[in-house]
Amino acid sequence: MALITTPFTSKTTASEILAGVDLTGRRIIVTGGASGIGLETVRALAGAGAEVTVATRDPAPGQRALDLSDLESVRAFVAGWSGPVHAVVANAGIMALPARRLAANGWELQLATNFLGHFALITGLHDHLRQAGGARVVMVSSGAQLLAPVDFDDPHFERRPYDPWIAYAQSKTADVLLAVAAARRWAGDGIAANALEPGYVHTNLQRHLDADAMRAAGAMDDEGNLLTPDHFTTPEQGAATSVLLAASPLLDGVTGRFFTHDNQEAEVVRGGPDATTGVATWSVDPAAADRLWEYASEAIR
């Protein structure tokens, strides 16, 4: 199966993705849409005419409360929704928490927030997505999915030593697996599901990183000043792939795929510490996707 290509690049902005596209009448939910690439995703979609609902933990006027680490909050959001949903952009997330923390249900907090909360939201909205006809689910993952599969034997680090980056990587692999499973289950409902990595962007996501980690990424100098190296993109550019998957007519009918921040479909590669681009085999494994779907379904009952 040939990889999907587009005329865009890593420097294309979210608004450029939708140049000439009219989204009037489309209702789209963006989690974590109050800052960073989420905010730029909202701006581009709304700028093309969509009715965008910003779902965030600390809502401002005009936004709706949604704490993804709290399943009761997710249930309340779903219960309060009426009418069709044309797209959900699962953008909110946390990264590299320095110490192991648990959500109220006992899940490791990164896996609970980045994956399980979005799983509960998207499955809860299934009927509304089906009602829209041609709806799209967009999972914002990360290049970190190349680092680790989901450890089904110890997903919450109860026995293995906690590692901030392995925990983050596992949660982002889980996001891709969610898209893979949804694509397989919901194709008959006219619902497409795809995942992406937005690349390196300066956002609040890095708030838990120390200076050494920022310097290692080339994003900070010895005096503590932020740097923007060539492999970084702006938030407007980082949001482009989310917008591409959420609303571009170029991807009509495309489902179960993974796209990189250059707005092209990624090659499937063997994951591990030497992998630098692509999507890991473990992130698109149908058996793992089904196993994770069942595990998450039990958790939200």
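See above for the structure.
Residues numbered from 1 in each chain as written. Predicted model: local features only at pLDDT ≥ 70, side-chain atom pairs only at ≥ 80, totals over all residues. Heavy atoms only, no water.

Student: Explain the nonpolar core residue by residue, including any values.
Tutor: Counting 57 residues, the largest nonpolar core has Phe 115, Ile 122, Leu 125 and Leu 129 as its most contacted members. With 11 residues, helix 6 (residues 164-186) is the largest single contributor of residues to this core. In contact with Leu 129, other than residues within four places in its own chain, are Val 85, Val 88, Ile 122, Ala 135, Arg 136, Val 137, Trp 186 and Ile 191. Counting 33 residues, the second largest nonpolar core, distinct from the first, contains Ile 17, Val 89, Leu 196 and Ala 247. (Core = buried A, V, L, I, M, F, W, Y, C linked by side-chain atoms within 4.5 Å. Buried < 20%, exposed > 50% of the residue type's maximum accessible area, 1.4 Å probe, protein only. Helix = DSSP H or I, 4+ residues; strand = E, 2+ residues; numbered from the N terminus. Contact = heavy atoms within 4.5 Å.)

Student: A description of the packing of aromatic side chains should follow, citing residues and the corresponding values.
Tutor: A full pass over the atoms with the stated rule returns 8 aromatic pairs. Between the aromatic rings of Phe 157 and Tyr 162, the centroid separation amounts to 5.4 Å while the plane-to-plane angle is 75°, which identifies the pairing as edge-to-face. Here Phe 157 matches Tyr 162 in class, with each residue buried. When the centroid spacing of 5.6 Å and the interplanar angle of 85° are considered together, the rings of Trp 186 and Trp 293 count as edge-to-face. With a gap of 107 residues between them, Trp 186 in helix 6 and Trp 293 in helix 10 (residues 286-299) connect regions that are remote in the sequence. Classification of Trp 186 as buried rests on a relative accessible area of 7%. Members of the aromatic cluster, connected to one another through ring pairs, are Trp 107, Phe 115, Phe 119, Trp 186, Trp 293 and Tyr 295. For Arg 64, the ring lying beneath its charged end belongs to Phe 77, and the centroid distance is 4.4 Å. (Phe/Tyr/Trp six-rings, centres within 6.5 Å; stacked < 30°, edge-to-face > 60°. Lys NZ or Arg CZ within 6 Å of the ring centre and 35° of its normal.)

Student: I'd love a proper account of the pattern of salt bridges, names of residues and values included.
Tutor: In this structure the tally under the stated criterion is 13 salt bridges. Arg 43 serves as the salt-bridge partner of Glu 40, at 2.8 Å between the closest nitrogen and oxygen. One end of the pair, Glu 40, and the other, Arg 43, are both in helix 2 (residues 36-47), 3 residues apart, so they sit about a helical turn from each other. Across the salt bridge formed by Asp 127 and Arg 130, the nearest N and O atoms sit 2.7 Å from each other. One end of the pair is Asp 127 and the other is Arg 130, both in helix 5 (residues 126-132) and 3 residues apart, which spans about a single turn. Note on Asp 127: relative accessible area 46%, which makes it partly exposed. Residue classification places Arg 130 among the partly exposed residues on the basis of a relative accessible area of 40%. Residues participating in the shared-partner salt-bridge network are Arg 184, Arg 185, Asp 290 and Glu 294. (Salt bridge = Lys/Arg side-chain N within 4 Å of Asp/Glu carboxyl O.)

Student: Outline the pairing of strand 5 (residues 136-140), supporting the account with residue identities and numerical values.
Tutor: Remark: a regular strand shows side chains that alternate across the two faces of the sheet. Most of strand 5 sits inside the fold, with 5 of its 5 residues counted as buried. Side-chain alternation along strand 5 places Arg 136, Val 138 and Val 140 on one buried face and Val 137 and Met 139 on a second face that is also buried. Where strand 5 meets strand 6 (residues 192-196), 5 bridges bridge the pair, whose relative direction is parallel. Residue pairing for strand 6: Val 137 is matched across the bridge by Ala 193. Crossover handedness for the path strand 5 to helix 6 to strand 6: right-handed. (Pairing = 2+ DSSP bridges. Right-handed = clockwise from strand over helix to strand, strands pointing away.)

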